[in-house]
Amino acid sequence: AQLVESGGGLVQAGGSLTLSCAASGSSFSIKAMGWYRQARGKERELVAAIDSGENTKYADSVKGRFTISRGGAKNTVILQMNSLKNEDTAMYLCATLREDNVGGRPDYWGRGTQVTVSS
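Enquirer: When you look at the packing of aromatic side chains in this model, what are you seeing that I'm missing?
Expert: Any pair of aromatic rings gets described here by the distance separating the centres and the angle formed by the planes. What the rule picks out here adds up to one aromatic pair. Seen from the ring of W109, R44 lies directly overhead, with NZ or CZ sitting 4.4 Å from the centre.

Enquirer: Can you walk me through the sheet that holds strand β8 (residues 76-81) in this structure?
Expert: The strands making up a sheet are joined through hydrogen bonds of the backbone, oriented either antiparallel or parallel. Pairing is antiparallel in the open sheet, where four strands are placed in the order β1-β3-β8-β7. Single-partner strands in this sheet number two, and they are β1 (2-6) and β7 (66-70). Averaged over all adjacent pairs, the angle separating strand axes in this sheet is 15°, with direction ignored. Bridge analysis of β1 against strand β3 (residues 17-24) gives five bridges, and the strand direction is antiparallel. Across the sheet, residue L3 finds its bridge partner in β3, namely A23.

Enquirer: Hey, could you run me through the environment of A22 in this one?
Expert: Mapped onto the elements of the fold, A22 is located in strand β3. Accessibility expressed as a relative area gives 35% for A22, which makes it partly exposed. Considering only alpha carbons, one finds A22 and S6, 16 residues apart in sequence, at a separation of 8.7 Å. Setting aside chain neighbours within four positions, we find A22 in contact with Q2, L3, V4, N75 and T76.

Enquirer: Teacher, can you tell me more about the pairing of strand β11 (residues 113-118) here?
Expert: For a regular strand, side-chain orientation follows a simple rule: the groups alternate between the two sheet faces. Residues T113, V115 and V117 point to one face of β11 and are all buried, whereas Q114, T116 and S118, pointing to the other face, are not buried. Pairing between strand β2 (residues 9-12) and β11: four bridges, direction parallel. If you follow V11 over to β11, its bridge partner there is V117. Bridging between strand β9 (residues 90-97) and β11 involves three bridges; their strand directions are antiparallel. In the strand pairing of β11, A90 is matched with V115.

Conventions adopted
- Residues numbered from 1 in each chain as written.
- Predicted model: local features only at pLDDT ≥ 70, side-chain atom pairs only at ≥ 80, totals over all residues.
- Heavy atoms only, no water.
- Phe/Tyr/Trp six-rings, centres within 6.5 Å; stacked < 30°, edge-to-face > 60°.
- Lys NZ or Arg CZ within 6 Å of the ring centre and 35° of its normal.
- Pairing = 2+ DSSP bridges.
- Helix = DSSP H or I, 4+ residues; strand = E, 2+ residues; numbered from the N terminus.
- Axes fitted to C-alpha atoms, helices over the stretch in contact; angles between N-to-C directions.
- Buried < 20%, exposed > 50% of the residue type's maximum accessible area, 1.4 Å probe, protein only.
- Contact = heavy atoms within 4.5 Å.

Here it is as structure tokens:
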């Protein structure tokens, strides 16, 4: 599968961004997908995940501010990010999950889209 992220950019603290991820090239239906992020000097972490049953999971740091959802097109996932903070600055990467649940392991990765939050 090939994954392409879009929607990153520079935003002021308190602002919003919407990230999109489109998966293609796979002969099977992608079920669970997730958004991860990696800030400079830090380990990659799960931000949010969604499975085929629309179950979702969020990192504690983004609960109440970020929302993951399925896009209108098949094999797409959206990450709506509100009330952005400086600490949300990172490279955001989309991934398919091997298992169809929000705790699944990442499988295929996109290249990422940079999100920078300024004060």
